[in-house]
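# Overview (structure and organization)
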Amino acid sequence: MTRADLVVVANRLPVDRDDDGGWRQSPGGLVAALEPVMRRADGAWVGWPGRPDTTVDEFDFEGTHLVPVTLSRQEVAEYYEGFSNDTIWPLYHDVISPPQYRREWWNTYVEVNRRFADAAVAVAAKGATIWVQDYQLQLVPKLIRERRPDVTIGYFHHIPFPAYGLFSQLPWRRQVVEGLLGADVIGFQRAADASNFARAVHRQLRYETRATGIRIPNEDGSVRVSLAKAFPISIDAASFVELAHRDDIRARAREIRADLGNPDKILLGVDRLDYTKGIRHRMTAFGELLSENRLSVDRATLVQVASPSRERVEAYVQLRDEIELAVGRINGTFDTMEHTAIRYLHQAFPREEMVALYLAADVMLVTALRDGMNLVAKEYVASRIDNRGALVLSEFTGAADELGSAIRVNPHDIEGLKEAIMRGVEMPSAEQGRRMRALRRRVREHDVQAWSHDFLAALERARKANAS
Ligand code: G6P
(Lines give C-alpha, C1' and ligand atoms only; values in the text may rest on other atoms or scores of the structure.)
Protein backbone atom coordinates (compact mmCIF):
# COMPACT_ATOMS: atom_id res chain seq x y z
CA MET A 1 0.00 0.00 0.00
CA THR A 2 1.34 3.43 -0.96
CA ARG A 3 2.34 5.80 1.84
CA ALA A 4 3.35 9.27 0.78
CA ASP A 5 5.35 11.98 2.57
CA LEU A 6 3.51 14.74 0.70
CA VAL A 7 -0.22 14.52 0.08
CA VAL A 8 -2.27 17.10 -1.84
CA VAL A 9 -6.02 17.04 -1.25
CA ALA A 10 -8.12 18.96 -3.79
CA ASN A 11 -11.68 18.75 -5.07
CA ARG A 12 -10.42 17.68 -8.49
CA LEU A 13 -7.71 15.19 -9.45
CA PRO A 14 -4.91 16.73 -11.57
CA VAL A 15 -5.98 14.61 -14.60
CA ASP A 16 -8.87 14.48 -17.08
CA ARG A 17 -10.10 11.55 -19.14
CA ASP A 18 -8.97 11.74 -22.76
CA ASP A 19 -10.99 10.49 -25.73
CA ASP A 20 -9.65 6.94 -25.68
CA GLY A 21 -10.33 6.36 -21.99
CA GLY A 22 -6.79 7.19 -20.77
CA TRP A 23 -5.76 10.11 -18.58
CA ARG A 24 -3.97 13.35 -19.40
CA GLN A 25 -2.75 16.11 -17.13
CA SER A 26 -5.37 18.84 -16.53
CA PRO A 27 -4.47 22.26 -17.90
CA GLY A 28 -4.58 24.18 -14.56
CA GLY A 29 -1.62 26.16 -13.21
CA LEU A 30 -1.74 24.53 -9.77
CA VAL A 31 -1.28 21.14 -11.37
CA ALA A 32 1.72 22.29 -13.41
CA ALA A 33 3.22 23.97 -10.35
CA LEU A 34 2.98 20.98 -8.10
CA GLU A 35 4.07 18.37 -10.62
CA PRO A 36 7.82 18.71 -10.00
CA VAL A 37 7.29 18.96 -6.24
CA MET A 38 5.13 15.83 -6.24
CA ARG A 39 7.61 13.94 -8.39
CA ARG A 40 10.51 14.80 -6.06
CA ALA A 41 8.56 13.87 -2.94
CA ASP A 42 6.87 10.74 -4.38
CA GLY A 43 3.67 12.55 -3.56
CA ALA A 44 0.04 11.49 -3.59
CA TRP A 45 -2.98 13.49 -4.75
CA VAL A 46 -6.48 12.86 -3.40
CA GLY A 47 -9.34 14.20 -5.57
CA TRP A 48 -12.58 13.65 -7.43
CA PRO A 49 -12.29 12.38 -11.04
CA GLY A 50 -14.83 15.04 -12.14
CA ARG A 51 -17.78 12.78 -13.02
CA PRO A 52 -20.54 11.42 -10.79
CA ASP A 53 -20.73 7.74 -9.85
CA THR A 54 -17.24 7.05 -11.21
CA THR A 55 -15.20 4.60 -9.19
CA VAL A 56 -11.56 4.39 -10.21
CA ASP A 57 -8.80 2.45 -8.43
CA GLU A 58 -5.73 4.28 -7.16
CA PHE A 59 -3.08 4.59 -9.87
CA ASP A 60 0.27 6.24 -10.60
CA PHE A 61 0.45 9.04 -13.14
CA GLU A 62 3.72 10.71 -14.14
CA GLY A 63 5.34 10.39 -10.75
CA THR A 64 2.25 11.09 -8.61
CA HIS A 65 0.10 8.52 -6.86
CA LEU A 66 -3.55 9.39 -7.56
CA VAL A 67 -6.30 8.54 -5.08
CA PRO A 68 -9.75 9.01 -6.68
CA VAL A 69 -12.69 9.88 -4.40
CA THR A 70 -16.07 8.66 -5.66
CA LEU A 71 -19.05 11.04 -5.49
CA SER A 72 -22.61 9.93 -6.25
CA ARG A 73 -24.85 12.05 -8.48
CA GLN A 74 -26.66 13.34 -5.40
CA GLU A 75 -23.39 14.22 -3.68
CA VAL A 76 -22.25 16.16 -6.74
CA ALA A 77 -25.56 18.06 -6.65
CA GLU A 78 -25.39 18.81 -2.91
CA TYR A 79 -21.69 19.05 -2.05
CA TYR A 80 -20.24 20.45 -5.31
CA GLU A 81 -23.04 22.31 -7.13
CA GLY A 82 -24.96 23.08 -3.94
CA PHE A 83 -22.90 23.94 -0.86
CA SER A 84 -19.58 24.67 -2.62
CA ASN A 85 -20.87 26.60 -5.62
CA ASP A 86 -24.28 27.94 -4.58
CA THR A 87 -23.55 28.71 -0.91
CA ILE A 88 -19.85 29.30 -0.26
CA TRP A 89 -18.88 30.63 -3.71
CA PRO A 90 -21.47 33.47 -3.82
CA LEU A 91 -21.11 34.24 -0.09
CA TYR A 92 -17.32 34.53 -0.34
CA HIS A 93 -17.62 36.68 -3.49
CA ASP A 94 -19.48 39.48 -1.70
CA VAL A 95 -22.97 37.98 -2.34
CA ILE A 96 -22.95 39.14 -5.99
CA SER A 97 -25.51 36.35 -6.38
CA PRO A 98 -27.61 35.40 -3.32
CA PRO A 99 -26.20 32.37 -1.46
CA GLN A 100 -28.61 29.51 -0.76
CA TYR A 101 -28.49 28.10 2.75
CA ARG A 102 -29.78 24.51 2.73
CA ARG A 103 -29.29 22.15 5.62
CA GLU A 104 -29.20 19.02 3.46
CA TRP A 105 -26.38 20.55 1.36
CA TRP A 106 -24.40 21.25 4.50
CA ASN A 107 -24.88 17.69 5.74
CA THR A 108 -23.57 16.31 2.46
CA TYR A 109 -20.64 18.77 2.53
CA VAL A 110 -19.67 17.41 5.96
CA GLU A 111 -19.96 13.82 4.77
CA VAL A 112 -17.93 14.39 1.60
CA ASN A 113 -15.24 16.37 3.48
CA ARG A 114 -14.97 13.37 5.81
CA ARG A 115 -14.46 11.06 2.84
CA PHE A 116 -11.62 13.24 1.46
CA ALA A 117 -10.03 13.39 4.94
CA ASP A 118 -10.27 9.59 5.30
CA ALA A 119 -8.56 9.09 1.94
CA ALA A 120 -5.78 11.54 2.88
CA VAL A 121 -5.22 9.92 6.26
CA ALA A 122 -5.02 6.46 4.65
CA VAL A 123 -2.33 7.46 2.15
CA ALA A 124 -0.18 9.72 4.40
CA ALA A 125 3.06 8.25 5.77
CA LYS A 126 4.00 8.86 9.39
CA GLY A 127 4.98 12.49 9.88
CA ALA A 128 3.79 13.40 6.36
CA THR A 129 2.83 16.86 5.12
CA ILE A 130 -0.75 17.19 3.86
CA TRP A 131 -1.71 20.20 1.74
CA VAL A 132 -5.47 20.82 1.39
CA GLN A 133 -6.73 23.07 -1.43
CA ASP A 134 -9.66 25.45 -1.50
CA TYR A 135 -13.18 26.16 -0.33
CA GLN A 136 -14.72 22.81 -1.26
CA LEU A 137 -12.69 21.22 1.58
CA GLN A 138 -12.71 23.68 4.48
CA LEU A 139 -13.48 21.03 7.09
CA VAL A 140 -10.72 18.65 6.01
CA PRO A 141 -7.84 20.18 8.06
CA LYS A 142 -9.60 19.60 11.38
CA LEU A 143 -10.86 16.15 10.35
CA ILE A 144 -7.29 15.10 9.53
CA ARG A 145 -5.82 16.57 12.72
CA GLU A 146 -8.28 14.67 14.92
CA ARG A 147 -7.03 11.40 13.52
CA ARG A 148 -3.39 12.10 12.72
CA PRO A 149 -1.63 14.38 15.20
CA ASP A 150 1.70 13.28 13.62
CA VAL A 151 1.16 15.08 10.29
CA THR A 152 1.72 18.72 9.33
CA ILE A 153 -1.30 20.28 7.65
CA GLY A 154 -1.44 23.19 5.21
CA TYR A 155 -4.53 24.73 3.63
CA PHE A 156 -4.62 27.19 0.74
CA HIS A 157 -7.74 29.23 0.03
CA HIS A 158 -7.83 30.17 -3.67
CA ILE A 159 -10.87 32.46 -3.47
CA PRO A 160 -11.57 35.56 -1.33
CA PHE A 161 -12.35 35.28 2.36
CA PRO A 162 -15.17 37.76 3.02
CA ALA A 163 -15.52 40.49 5.63
CA TYR A 164 -17.11 39.29 8.86
CA GLY A 165 -20.37 41.18 8.17
CA LEU A 166 -20.95 38.81 5.24
CA PHE A 167 -19.28 35.68 6.59
CA SER A 168 -21.46 35.83 9.68
CA GLN A 169 -24.53 35.02 7.53
CA LEU A 170 -23.31 31.45 7.23
CA PRO A 171 -25.35 29.24 9.59
CA TRP A 172 -22.29 26.94 9.96
CA ARG A 173 -19.70 29.72 10.35
CA ARG A 174 -18.26 28.30 13.56
CA GLN A 175 -17.74 24.82 12.13
CA VAL A 176 -16.01 26.32 9.05
CA VAL A 177 -13.63 28.42 11.17
CA GLU A 178 -12.82 25.42 13.35
CA GLY A 179 -12.34 23.25 10.27
CA LEU A 180 -9.76 25.64 8.78
CA LEU A 181 -7.96 26.09 12.11
CA GLY A 182 -7.02 22.42 11.95
CA ALA A 183 -4.22 23.54 9.61
CA ASP A 184 -0.78 24.69 10.79
CA VAL A 185 -0.57 27.18 7.93
CA ILE A 186 -3.68 28.73 6.33
CA GLY A 187 -2.75 30.55 3.12
CA PHE A 188 -4.81 33.30 1.47
CA GLN A 189 -4.42 35.31 -1.73
CA ARG A 190 -4.37 38.79 -0.15
CA ALA A 191 -3.42 40.19 3.24
CA ALA A 192 -7.05 41.44 3.48
CA ASP A 193 -8.35 37.86 3.21
CA ALA A 194 -6.04 36.70 6.00
CA SER A 195 -7.18 39.53 8.26
CA ASN A 196 -10.87 38.87 7.47
CA PHE A 197 -10.26 35.29 8.56
CA ALA A 198 -8.43 36.33 11.74
CA ARG A 199 -11.38 38.56 12.61
CA ALA A 200 -13.85 35.69 12.05
CA VAL A 201 -11.74 33.54 14.40
CA HIS A 202 -11.75 36.24 17.00
CA ARG A 203 -15.52 36.87 16.76
CA GLN A 204 -16.44 33.19 16.75
CA LEU A 205 -13.92 31.69 19.16
CA ARG A 206 -12.25 34.62 20.95
CA TYR A 207 -8.80 33.15 20.25
CA GLU A 208 -5.92 35.53 20.46
CA THR A 209 -4.46 36.48 17.08
CA ARG A 210 -0.95 37.89 16.72
CA ALA A 211 1.27 38.61 13.71
CA THR A 212 3.01 35.31 14.41
CA GLY A 213 -0.24 33.33 14.32
CA ILE A 214 -3.53 32.41 15.92
CA ARG A 215 -3.13 30.87 19.38
CA ILE A 216 -5.39 27.85 19.83
CA PRO A 217 -5.68 26.49 23.38
CA ASN A 218 -5.40 22.69 23.67
CA GLU A 219 -7.41 20.78 26.27
CA ASP A 220 -4.28 20.17 28.40
CA GLY A 221 -3.68 23.91 28.72
CA SER A 222 -0.89 24.10 26.12
CA VAL A 223 -1.20 26.30 23.02
CA ARG A 224 -0.97 25.40 19.34
CA VAL A 225 -0.19 28.15 16.83
CA SER A 226 -1.77 28.33 13.38
CA LEU A 227 -0.43 30.86 10.88
CA ALA A 228 -2.93 32.74 8.64
CA LYS A 229 -1.02 34.64 5.98
CA ALA A 230 -1.11 35.84 2.35
CA PHE A 231 0.72 33.71 -0.25
CA PRO A 232 -0.47 35.19 -3.59
CA ILE A 233 -0.62 32.44 -6.20
CA SER A 234 0.89 32.88 -9.65
CA ILE A 235 1.42 31.14 -12.99
CA ASP A 236 4.16 29.13 -14.63
CA ALA A 237 5.46 32.30 -16.30
CA ALA A 238 8.31 30.57 -18.20
CA SER A 239 5.90 28.26 -20.03
CA PHE A 240 3.92 31.26 -21.32
CA VAL A 241 7.11 32.99 -22.45
CA GLU A 242 8.12 29.84 -24.28
CA LEU A 243 4.78 29.60 -26.08
CA ALA A 244 4.87 33.29 -26.94
CA HIS A 245 8.19 32.75 -28.75
CA ARG A 246 6.89 29.89 -30.90
CA ASP A 247 6.63 30.73 -34.61
CA ASP A 248 3.41 28.79 -35.14
CA ILE A 249 1.72 30.60 -32.25
CA ARG A 250 2.92 34.01 -33.47
CA ALA A 251 1.59 33.15 -36.94
CA ARG A 252 -1.70 32.14 -35.38
CA ALA A 253 -1.91 35.54 -33.62
CA ARG A 254 -1.56 37.27 -36.99
CA GLU A 255 -4.17 34.99 -38.47
CA ILE A 256 -6.61 35.85 -35.65
CA ARG A 257 -6.16 39.57 -36.40
CA ALA A 258 -6.72 39.00 -40.10
CA ASP A 259 -9.78 36.81 -39.47
CA LEU A 260 -11.28 39.63 -37.42
CA GLY A 261 -10.81 42.01 -40.37
CA ASN A 262 -7.59 43.61 -39.09
CA PRO A 263 -9.21 46.11 -36.71
CA ASP A 264 -6.84 48.79 -35.31
CA LYS A 265 -7.43 47.48 -31.81
CA ILE A 266 -8.44 44.11 -30.43
CA LEU A 267 -9.86 44.09 -26.92
CA LEU A 268 -9.93 40.76 -25.12
CA GLY A 269 -11.79 39.22 -22.18
CA VAL A 270 -11.05 35.65 -21.03
CA ASP A 271 -13.08 34.21 -18.19
CA ARG A 272 -14.93 31.21 -16.92
CA LEU A 273 -18.56 32.15 -17.52
CA ASP A 274 -19.11 33.31 -13.92
CA TYR A 275 -21.08 36.19 -12.39
CA THR A 276 -18.01 37.23 -10.40
CA LYS A 277 -16.13 38.20 -13.58
CA GLY A 278 -18.01 41.40 -14.48
CA ILE A 279 -18.55 40.32 -18.09
CA ARG A 280 -21.83 42.26 -18.36
CA HIS A 281 -20.26 45.46 -16.98
CA ARG A 282 -17.52 45.18 -19.60
CA MET A 283 -20.08 44.71 -22.38
CA THR A 284 -22.20 47.63 -21.19
CA ALA A 285 -19.14 49.90 -21.23
CA PHE A 286 -18.04 48.69 -24.66
CA GLY A 287 -21.59 49.03 -26.06
CA GLU A 288 -21.84 52.62 -24.78
CA LEU A 289 -18.48 53.53 -26.32
CA LEU A 290 -19.79 52.27 -29.67
CA SER A 291 -23.08 54.10 -29.35
CA GLU A 292 -21.29 57.35 -28.43
CA ASN A 293 -19.00 56.91 -31.45
CA ARG A 294 -15.90 56.94 -29.28
CA LEU A 295 -15.18 53.53 -30.80
CA SER A 296 -16.39 51.98 -34.04
CA VAL A 297 -16.49 48.35 -35.16
CA ASP A 298 -13.95 48.89 -37.92
CA ARG A 299 -11.55 50.33 -35.35
CA ALA A 300 -12.15 47.98 -32.44
CA THR A 301 -13.41 44.46 -31.80
CA LEU A 302 -14.00 42.84 -28.43
CA VAL A 303 -13.18 39.14 -28.31
CA GLN A 304 -14.85 37.52 -25.32
CA VAL A 305 -13.91 33.96 -24.43
CA ALA A 306 -16.34 32.68 -21.80
CA SER A 307 -15.53 29.07 -20.97
CA PRO A 308 -18.46 26.91 -19.85
CA SER A 309 -18.60 26.41 -16.09
CA ARG A 310 -20.93 24.86 -13.45
CA GLU A 311 -23.70 24.62 -16.00
CA ARG A 312 -26.18 22.88 -13.71
CA VAL A 313 -26.23 25.72 -11.16
CA GLU A 314 -29.19 28.06 -11.76
CA ALA A 315 -27.27 31.34 -11.30
CA TYR A 316 -24.88 30.26 -14.08
CA VAL A 317 -27.75 29.29 -16.41
CA GLN A 318 -29.28 32.75 -15.90
CA LEU A 319 -26.00 34.56 -16.38
CA ARG A 320 -25.43 32.81 -19.70
CA ASP A 321 -28.83 33.96 -20.94
CA GLU A 322 -28.14 37.55 -19.86
CA ILE A 323 -24.75 37.67 -21.51
CA GLU A 324 -25.94 36.11 -24.73
CA LEU A 325 -28.82 38.59 -24.86
CA ALA A 326 -26.37 41.48 -24.38
CA VAL A 327 -24.01 40.16 -27.08
CA GLY A 328 -26.94 39.73 -29.50
CA ARG A 329 -28.20 43.25 -28.87
CA ILE A 330 -24.81 44.92 -29.26
CA ASN A 331 -23.88 42.94 -32.37
CA GLY A 332 -27.33 43.42 -33.88
CA THR A 333 -27.01 47.16 -33.46
CA PHE A 334 -23.41 47.75 -34.49
CA ASP A 335 -22.17 44.92 -36.73
CA THR A 336 -21.48 45.59 -40.39
CA MET A 337 -21.06 42.99 -43.13
CA GLU A 338 -17.27 43.18 -42.62
CA HIS A 339 -16.89 43.75 -38.90
CA THR A 340 -18.34 42.46 -35.65
CA ALA A 341 -18.52 44.33 -32.36
CA ILE A 342 -18.15 41.32 -30.06
CA ARG A 343 -16.79 37.95 -31.11
CA TYR A 344 -18.26 35.79 -28.35
CA LEU A 345 -16.88 32.27 -27.82
CA HIS A 346 -18.60 30.04 -25.26
CA GLN A 347 -15.79 27.50 -25.47
CA ALA A 348 -12.60 26.42 -23.75
CA PHE A 349 -9.33 26.57 -25.71
CA PRO A 350 -5.94 24.92 -25.29
CA ARG A 351 -3.16 27.04 -23.88
CA GLU A 352 -1.50 27.51 -27.31
CA GLU A 353 -4.62 29.21 -28.68
CA MET A 354 -4.90 31.36 -25.55
CA VAL A 355 -1.34 32.64 -25.97
CA ALA A 356 -2.07 33.43 -29.63
CA LEU A 357 -5.08 35.45 -28.45
CA TYR A 358 -3.00 37.25 -25.82
CA LEU A 359 -0.46 38.15 -28.51
CA ALA A 360 -3.21 39.41 -30.81
CA ALA A 361 -4.89 41.55 -28.13
CA ASP A 362 -3.99 45.23 -27.70
CA VAL A 363 -6.07 45.70 -24.57
CA MET A 364 -6.84 42.99 -22.01
CA LEU A 365 -9.98 43.58 -19.94
CA VAL A 366 -10.12 42.04 -16.46
CA THR A 367 -13.18 43.57 -14.85
CA ALA A 368 -14.06 41.08 -12.09
CA LEU A 369 -16.40 42.30 -9.35
CA ARG A 370 -14.53 40.04 -6.95
CA ASP A 371 -11.76 37.54 -7.69
CA GLY A 372 -9.35 35.71 -5.38
CA MET A 373 -6.41 36.33 -7.73
CA ASN A 374 -7.22 36.31 -11.49
CA LEU A 375 -4.50 34.40 -13.25
CA VAL A 376 -5.63 35.54 -16.71
CA ALA A 377 -4.17 38.98 -15.94
CA LYS A 378 -0.82 37.34 -15.16
CA GLU A 379 -0.99 35.09 -18.23
CA TYR A 380 -1.53 38.09 -20.51
CA VAL A 381 1.40 39.95 -19.01
CA ALA A 382 3.73 36.93 -19.15
CA SER A 383 2.88 36.36 -22.82
CA ARG A 384 3.65 39.96 -23.92
CA ILE A 385 7.30 39.33 -24.71
CA ASP A 386 7.17 42.39 -27.00
CA ASN A 387 6.42 44.60 -23.96
CA ARG A 388 3.36 45.96 -25.71
CA GLY A 389 -0.35 45.92 -24.89
CA ALA A 390 -2.35 47.37 -22.03
CA LEU A 391 -4.00 45.68 -19.07
CA VAL A 392 -7.22 47.09 -17.60
CA LEU A 393 -7.49 45.50 -14.16
CA SER A 394 -10.25 45.57 -11.58
CA GLU A 395 -9.21 46.68 -8.12
CA PHE A 396 -11.36 43.85 -6.73
CA THR A 397 -8.93 41.14 -7.85
CA GLY A 398 -6.04 39.75 -5.84
CA ALA A 399 -3.83 40.50 -8.84
CA ALA A 400 -4.42 44.25 -8.32
CA ASP A 401 -2.29 44.10 -5.14
CA GLU A 402 0.71 43.06 -7.21
CA LEU A 403 0.16 44.53 -10.67
CA GLY A 404 0.36 48.22 -9.81
CA SER A 405 1.30 49.29 -13.35
CA ALA A 406 -2.00 48.14 -14.84
CA ILE A 407 -4.83 50.59 -15.58
CA ARG A 408 -6.80 50.20 -12.39
CA VAL A 409 -10.58 50.28 -12.53
CA ASN A 410 -13.72 49.98 -10.42
CA PRO A 411 -15.95 47.91 -12.74
CA HIS A 412 -19.13 49.13 -11.02
CA ASP A 413 -18.32 52.62 -12.27
CA ILE A 414 -19.33 52.32 -15.94
CA GLU A 415 -18.07 55.83 -16.83
CA GLY A 416 -14.74 55.03 -15.15
CA LEU A 417 -14.60 51.71 -17.00
CA LYS A 418 -15.21 53.48 -20.32
CA GLU A 419 -12.38 55.92 -19.54
CA ALA A 420 -10.08 53.03 -18.63
CA ILE A 421 -10.87 51.19 -21.87
CA MET A 422 -10.15 54.36 -23.88
CA ARG A 423 -6.88 54.87 -22.01
CA GLY A 424 -5.92 51.32 -22.98
CA VAL A 425 -6.94 51.85 -26.60
CA GLU A 426 -5.09 55.16 -26.90
CA MET A 427 -2.04 54.42 -24.77
CA PRO A 428 1.17 55.57 -26.52
CA SER A 429 3.60 52.80 -27.28
CA ALA A 430 6.34 54.15 -24.96
CA GLU A 431 3.93 54.13 -22.02
CA GLN A 432 2.79 50.59 -22.90
CA GLY A 433 6.42 49.50 -22.80
CA ARG A 434 7.13 51.17 -19.47
CA ARG A 435 4.10 49.65 -17.78
CA MET A 436 4.39 46.22 -19.37
CA ARG A 437 8.05 45.85 -18.37
CA ALA A 438 7.17 46.52 -14.73
CA LEU A 439 4.22 44.11 -14.86
CA ARG A 440 6.29 41.40 -16.48
CA ARG A 441 9.09 41.75 -13.95
CA ARG A 442 6.66 41.10 -11.09
CA VAL A 443 5.15 38.00 -12.72
CA ARG A 444 8.56 36.62 -13.71
CA GLU A 445 10.01 37.07 -10.24
CA HIS A 446 6.94 35.78 -8.47
CA ASP A 447 5.85 32.74 -10.44
CA VAL A 448 3.94 29.70 -9.26
CA GLN A 449 7.12 27.82 -8.41
CA ALA A 450 8.05 30.62 -5.99
CA TRP A 451 4.53 30.43 -4.57
CA SER A 452 4.58 26.70 -3.83
CA HIS A 453 8.13 26.97 -2.53
CA ASP A 454 7.16 29.77 -0.09
CA PHE A 455 4.09 27.92 1.13
CA LEU A 456 5.89 24.62 1.65
CA ALA A 457 8.76 26.42 3.41
CA ALA A 458 6.25 27.97 5.85
CA LEU A 459 4.80 24.50 6.45
CA GLU A 460 8.26 23.11 7.09
CA ARG A 461 8.89 25.82 9.70
CA ALA A 462 5.56 24.90 11.31
CA ARG A 463 6.58 21.25 11.36
CA LYS A 464 9.86 22.07 13.12
CA ALA A 465 8.14 24.36 15.61
CA ASN A 466 5.58 21.68 16.47
CA ALA A 467 8.29 19.04 16.90
CA SER A 468 10.29 21.16 19.35
C1 G6P B 1 -11.81 28.50 -9.12
C2 G6P B 1 -11.63 27.71 -7.83
C3 G6P B 1 -11.08 26.32 -8.10
C4 G6P B 1 -11.88 25.63 -9.17
C5 G6P B 1 -11.95 26.48 -10.44
C6 G6P B 1 -12.81 25.85 -11.55
O7 G6P B 1 -10.58 28.89 -9.62
O8 G6P B 1 -10.81 28.41 -6.92
O9 G6P B 1 -11.09 25.55 -6.91
O10 G6P B 1 -11.34 24.38 -9.46
O11 G6P B 1 -12.51 27.74 -10.10
O12 G6P B 1 -14.08 25.54 -11.10
P13 G6P B 1 -14.67 24.06 -11.06
O14 G6P B 1 -15.94 24.19 -10.28
O15 G6P B 1 -14.89 23.70 -12.49
O16 G6P B 1 -13.68 23.16 -10.40
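Residues numbered from 1 in each chain as written. Predicted model: local features only at pLDDT ≥ 70, side-chain atom pairs only at ≥ 80, totals over all residues. Heavy atoms only, no water.

### Remarks on the site of the ligand
Basically, it comes down to this: Here a residue is near a molecule or strand as soon as one of its heavy atoms is found within 4 Å of it. We define a polar contact as two N or O atoms separated by no more than 3.5 Å, with the added condition that, inside protein, one atom must be a possible hydrogen donor and the other a possible acceptor, whereas residues neighbouring each other in sequence contribute only through side-chain atom pairs. Accessible surface is estimated by sampling points in the Shrake-Rupley manner with a 1.4 Å probe; for residues, cover comes only from the protein chains shown. Note on residue classes: Ala, Val, Leu, Ile, Met, Phe, Trp, Tyr, Cys and Pro are nonpolar, Asp, Glu, Lys and Arg are charged, and everything else, Gly too, is polar.
Around the ligand, the surrounding shell consists of Arg 12, Tyr 80, Asp 134, Tyr 135, Gln 136, His 158, Ile 159, Arg 272 and Arg 310. Here an oxygen atom of the ligand sits 3.2 Å away from a polar atom, N or O, in the side chain of Gln 136. For the ligand, whose free accessible area comes to 380 Å², the fraction covered by protein is 69%. Here the shell around the ligand is built from residues that sort into 3 nonpolar, 2 polar and 4 charged.

### Regarding unusual backbone geometry
Defined as follows: Put simply, DSSP H or I for four residues or longer makes a helix, DSSP E for two residues or longer makes a strand, and each gets a number counted from the N terminus. The buried label applies to any residue whose accessible area, calculated with a 1.4 Å probe on protein chains only, is under 20% of its type's maximum; exposed applies above 50%, and partly exposed to all values in between.
In this structure, Asn 293 takes a positive phi of about 60° despite not being glycine. Its location among the elements puts Asn 293 in the loop between helix H10 (279-291) and strand E14 (300-307). Given a relative accessible area of 67%, Asn 293 falls into the exposed group. Its identity as a non-glycine residue notwithstanding, Asn 387 has a phi of 55°, on the positive side. With respect to the helices and strands, Asn 387 occurs in the loop between helix H13 (375-383) and strand E17 (390-394). Look at Asn 387 and you get buried, because its relative accessible area is 15%.

### A few points about the confidence of the model for the protein chain
To be explicit about the condition: Known as pLDDT, the predictor's per-residue confidence is scaled from 0 to 100.
For the protein chain, the average pLDDT comes to 96, and 100% of its residues sit at 70 or higher. No element of the protein chain has a lower mean pLDDT than helix H1 (residues 29-41), at 82, and none a higher one than E17, at 99.

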